[in-house]
Every structure is written in structure tokens, then in C-alpha cells.
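Remarks on the overall topology
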Amino acid sequence: MNATTSPAAAGAETSAGRLQREIMTRYPDNFMLYADLFAMGCLLHLQGQHKAGLKLIDQVRRALPATGHKTYFVDLLEALPGNELRFAGEIQAHAEVNDLLELAQRQQAAPRYTARPAQAGLAKVTEVRTRGVQFNCPHCSTRIDGWQADPRGRDDKCDRCHQQFYIAPDATVIFD
Ligand SMILES: [Zn+2]
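The structure reproduced in this document is the subject of the present report. (Residues numbered from 1 in each chain as written. Predicted model: local features only at pLDDT ≥ 70, side-chain atom pairs only at ≥ 80, totals over all residues. Heavy atoms only, no water.)

1. Observations concerning the overall build of the chain
When helices and strands are counted, the chain shows 7 helices and 4 strands. Seen in sequence order, the chain has helices and strands lined up from the N terminus as α-α-α-α-α-α-α-β-β-β-β. Its C-alpha atoms give the chain a radius of gyration of 21 Å, clearly above 16 Å, the size a compact globule of 176 residues would have. Overall, the C-alpha framework of the chain stretches about 65 × 50 × 25 Å when taken along its three principal axes. A burial count over the chain gives 29% of its 176 residues as buried. At a minimum sequence separation of 6, the contacts of the chain that also span at least 24 residues come to 50%. Of the side-chain charges in the chain, 20 are positive and 20 negative, and the distance between the mean point of each set is 6 Å. (Helix = DSSP H or I, 4+ residues; strand = E, 2+ residues; numbered from the N terminus. Rg over C-alpha atoms; globule rule 2.2 N^0.38 Å. Buried < 20%, exposed > 50% of the residue type's maximum accessible area, 1.4 Å probe, protein only. Contact = heavy atoms within 4.5 Å. Lys, Arg positive; Asp, Glu negative; His and termini not counted. Charge placed at Lys NZ, Arg CZ, Asp CG, Glu CD.)

Printed below as a string of C-alpha cells:
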């Protein structure tokens, strides 16, 4: 959340859908090239690499004629902060690229604690226990527990719908 600008207000009206249609019309054969480039620019921007992200997005802008798109692009870039994931979705880049954006967004949303060095002489805790491992079946949403180890990067099977699935190695750990 950024209080100094109003990306949310601007973003509500601005959509990358128009850009998607323009590129599709002009470059039907190379559409994914531009869509992925734009989405990667959004990803970099989301990760705080603003300069590099804007550079990639600018490459996409250059593929369109300046006339008729200038204001639109200014609006688009103004609305970019906070709308990276949505814009990337609207441009319809490859799902793999959009997955990266979703992951980046989740990581940003996760609470972040800044580690600080221990005060001299202060007693130290070196083990943290969580109560149990829980996740939901990606097929039927049934809650699955009973894992005695870190399930990330492993396969499992749902007791209820009997379907197999894979637990992503980078699955977000939530401390309840
Ligand atoms: Zn299931």
C-alpha cells in the first residue's frame, strides 16, 4: 500500500486489455513475444526492479505507433504500482509467467520480519515449533493434515477424492 500516490484509484479504470487487443491486431504471429515481455516487465516492477521493469514495458510501447497511444501508456504506467499482477493477466501472457507474478505477489503479502542481531547476553531460542501441517486438496479443497514432515516438494493423495497432487516446494508457510 502506498499512501503518497493513488495507484488503486487510477488502476481501477486503467486496463492492459486495450494493449492486448492492439498487439493482437498488429502482431498476431508474435503476440506472445510482446505479451510475455510486458508481463516480465510487470514482474520486475512488482519485485522492486522498477527501472528494468519499465524498460521492458517501454519496448512493448515502441511496438505501437506513438499517435493515439501516448496518453493511454502514461495512464498505464501511472497505474502500474499495485496493479502488476492484474495487468499481466490482462495482457494474457503465458501461464508460467503469470504464475511467477502470483508467487511474487504472495511473497510480498506474507508478513516480513526484519532480523536483528541479538542483544548481548540475551538468552536465545533456537527452535520454533508449529502445531501441525495443514493444506487443502487442490481438487476438492478437503483439509489434509497428519504430515509429520515438511510436505513441500512431495506428492500426496487426497483421502476423500483419491486424486494425486504435488505440494509446491515454494508453497507459502503461514503461521496461524
Ligand atoms: Zn480431494
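2. Description of the coordination of the zinc ion
Protein coordination at the zinc ion comes from C137 (SG), C140 (SG), C158 (SG) and C161 (SG), with a distance range of 2.2 to 2.4 Å. Taken together, the 4 donor atoms coordinating the zinc ion span angles of 106 to 116° at the metal, a pattern that classifies the geometry as tetrahedral. Mapped onto the sequence, the donors of the zinc ion take the spacing C-x2-C-x17-C-x2-C. Note that C140 is positioned in the loop between β1 (135-136) and β2 (143-144) and C161 in the loop between β3 (155-157) and β4 (164-166), a separation of 21 residues in sequence. (Donors = N, O, S within 2.8 Å, 3.2 Å for Na, K, Ca; no water. Tetrahedral: all angles 85-135°; square planar, octahedral: opposite > 155°, others 65-115°.)

3. Here we look at the layout of surface pockets
Considering only enclosed or pocket space, the largest pocket measures out at about 930 Å³ in volume. Taken together, 26 residues make up the lining of the largest pocket; nearest its centre are V133, Q134, T172, V173 and I174. Those elements giving two or more residues to the lining of the largest pocket turn out to be β1 and β4. Looking at side-chain class alone, the lining of the largest pocket contains 14 nonpolar, 6 polar and 6 charged residues. (1 Å grid on protein atoms, 1.4 Å probe; cavity = no way out; pocket = protein on both sides within 12 Å on 5 of 7 lines; lining within 4 Å. Points joined across faces, edges and corners; volume = space filled by probe spheres on them. Nonpolar A, V, L, I, M, F, W, Y, C, P; charged D, E, K, R; others polar.)

4. A short note on the side chain of H45
With respect to the helices and strands, the residue H45 is situated in helix α3 (residues 31-46). The class for H45 is buried, based on a relative accessible area of 7%. Residues within four places of H45 in sequence aside, it is in contact with H50, G53, L54, L80, P81 and E84.

5. Remarks on the pattern of salt bridges
Enumeration over the complete set of coordinates arrives at 5 salt bridges. When the shortest N-O distance is used, the salt bridge between D58 and R61 registers 2.6 Å. With D58 and R61 both in helix α4 (residues 50-62) and 3 residues apart, this pair spans about one turn of that helix. For R62, the salt bridge is made with D58, and the minimal N-O distance between the two is 3.2 Å. Of this pair, R62 and D58 both sit in helix α4, separated by 4 residues, roughly a single helical turn. On the basis of relative accessibility, which here comes to 23%, the residue D58 falls in the partly exposed class. Among the charged side chains, a network of salt bridges with common partners joins D58, R61 and R62. (Salt bridge = Lys/Arg side-chain N within 4 Å of Asp/Glu carboxyl O.)

6. Focus: the environment of D145
As for its position among the elements, D145 is in the loop between β2 and β3. By relative accessible area, D145 is classed as partly exposed at 48%. For the pair formed by D145 and F135, sequence separation is 10 residues and the distance between their alpha carbons is 6.8 Å.

7. A word on the side chain of T14
Structurally, T14 is set in the loop between α1 (7-13) and α2 (17-26). Residue classification places T14 among the buried positions, given a relative accessible area of 10%. Not counting residues within four places of it along the chain, the set of residues in contact with T14 comprises D75, L76, A79, R86 and F87.

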